[in-house]
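Coordinate analysis (summary)
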Amino acid sequence: MKKLITILLIITVFFSCKKTKSFEGSIEYKVTSEVYCDTLSLEFIKKTSGDSCSVIYDNGNIEWKIYNSSLWSGSIYNNRKNELYYFSQESDEIFYLDCNKVDAENESFEILEKQDTILDFSCDLLIVKSKYSEASWTGQERIRYFYSAKELPLDPNIYSQYNFNSQNTIIEKAKGIPLRIVDRFKDFSITYEAKIINRNKQ
């Protein structure tokens, strides 16, 4: 009987250690933009994307606060409902998205280990290439670069149903909070660079 109890305790400790402790807190980012054609104004991209943002992780929910954008003030992902809400600067209207729906096509994922150090954290690079249908919000190819720190982990099980923008797959493969995100389209790109990390006290 003692031997059985010892084995059960070892198994319990093992699975407790295996469980991912998900990051709780906020990341503050600087936002910069680039354009790659003459028909698109850099000022327009800057005004719509803003110049900084903060991303708050709280009990599975994710809130984006966008600063100095003429278009969006932010968004909230409600984990329990698996819904995403966008808030406009131009009106009090709230835009709603069902995150059960898959919006990208023909995606590929590539991971390159230890590609940069950001705020003293070693970051792996996840490259996500997506093709969106003409009916979607872009209708073009999109490449996203996520420089993520495994030392700031996110539990992929919490976000397993977050299909929109392939967030569930990205969180599973990146294995941590992104400290730099480069969102690249054909004619422009937006870069989010982490400047401050605020961890909630455990």
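Located above this text is the structure these notes cover.
All of these numbers come straight from a predicted model, not from anything done at the bench.

**Comments concerning the layout of surface pockets**
Its volume calculated, the largest pocket comes out at about 1300 Å³. What lines the largest pocket is a set of 44 residues, and nearest its centre among them are Y86, R142, N165, D183 and Y192. Looking at which element gives the most residues to the lining of the largest pocket, the answer is strand 4 (residues 72-78), with five residues. Tallied by class, residues from the lining of the largest pocket come to 31 nonpolar, ten polar and three charged.

**Let's talk about the environment of I45**
One can find I45 in helix 2 (residues 42-49). Relative accessible area serves as the criterion here: at 4%, I45 is assigned to the buried category. Here the alpha-carbon distance between I45 and S189, two residues 144 residues apart in the chain, equals 8.9 Å.

**Some thoughts on the pattern of salt bridges**
A full pass over the atoms with the stated rule returns five salt bridges. Linking R180 and D116 is a salt bridge whose minimum nitrogen-to-oxygen distance equals 3.0 Å. Placement of R180 in strand 10 (residues 177-184) and of D116 in strand 7 (residues 104-118) is noted, with a sequence separation of 64 residues between them. In this structure, the salt-bridge partner of E193 is R180, at a minimum N-O distance of 2.6 Å. Taken as a pair, E193 in strand 11 (residues 188-199) and R180 in strand 10 lie far apart in primary sequence, 13 residues in all. This pair shows no difference in class: E193 is buried, exactly as R180 is.

**Observations concerning the pairing of strand 9 (residues 141-149)**
Across the nine residues of strand 9, seven count as buried, placing the element largely inside the fold. Here seven bridges tie strand 9 to strand 10, and the two strands are oriented antiparallel to one another. If you follow I143 over to strand 10, its bridge partner there is R184.

**Quick notes on unusual backbone geometry**
Positive phi, close to 55°, is recorded for N82, a residue that is not glycine. Of the residues examined, N82 reaches a relative accessible area of 6% and is grouped as buried. In this model, S166 sits at a positive phi of 60°, which is unusual for a non-glycine residue. Relative accessible area serves as the criterion here: at 5%, S166 is assigned to the buried category.

**Details of the packing of aromatic side chains**
Each pair of aromatic rings is reported with the distance of its centres and the angle of its planes. Throughout the structure, instances matching the rule amount to nine aromatic pairs. Aromatic pair W64 and Y192: ring centres 5.6 Å apart, planes at 85°, arrangement edge-to-face. Of this pair, W64 sits in strand 3 (residues 61-67) while Y192 sits in strand 11; the two residues are 128 residues apart in sequence, bridging distant segments of the chain. On the accessibility criterion, Y192 (15% relative accessible area) is buried. Taken together, a centroid distance of 5.3 Å and an interplanar angle of 50° make the contact between W72 and Y86 tilted. Pair noted here: W72 is in strand 4 and Y86 is in strand 5 (residues 83-88), with a separation of 14 residues, a long-range link. On the basis of relative accessibility, which here comes to 25%, the residue W72 falls in the partly exposed class. On the basis of relative accessible area, Y86 is assigned to the partly exposed category, the value being 25%. Here the aromatic residues Y29, W64 and Y192 are joined through ring pairs into a cluster of three or more. Between the NZ or CZ atom of R180 and the centre of the ring of Y147, over which it lies, the distance is 4.6 Å.

Conventions used here
- Every residue gets a number counted from 1 within its own chain, in the order that chain's sequence is written.
- Given that this is a predicted model, residues contribute local features only at a pLDDT of at least 70 and side-chain atom pairs are listed and counted only at 80 or more, while totals for whole chains, interfaces and linings are drawn from all residues.
- Note that the side-chain values use all heavy atoms of the structure and ignore hydrogens as well as water.
- Any residue with an atom within 4 Å of a point lines the site, the site being either a cavity, points on a 1 Å grid over the protein atoms alone where a 1.4 Å probe fits but cannot get out, or a pocket, an open set with protein on both sides within 12 Å along at least 5 of 7 lines.
- Grid points are joined across faces, edges and corners, and a volume is the space filled by probe spheres set on the points.
- Strands are runs of DSSP state E lasting at least 2 residues, helices are runs of H or I lasting at least 4, and numbering of each runs from the N terminus.
- By the convention adopted, Pro, Cys, Tyr, Trp, Phe, Met, Ile, Leu, Val and Ala count as nonpolar, Lys, Arg, Asp and Glu as charged, and the other residues, Gly among them, as polar.
- A simple rule labels every residue: compare its accessible area, found with a 1.4 Å probe on the protein chains alone, to the largest value its type can have, and call it buried under 20%, exposed over 50%, or partly exposed in between.
- A side-chain nitrogen of Lys or Arg and a carboxyl oxygen of Asp or Glu constitute a salt bridge if their distance falls within 4 Å.
- A pair of strands counts as paired when DSSP detects no fewer than two bridges linking them.
- Each Phe, Tyr or Trp ring (for Trp, its six-membered ring) is paired with any other whose centre lies within 6.5 Å, and the angle between the two planes then decides the class: stacked below 30 degrees, edge-to-face above 60, tilted in between.
- Whether a charge sits over a ring comes down to the Lys NZ or Arg CZ being within 6 Å of the ring centre and within 35 degrees of the ring normal.

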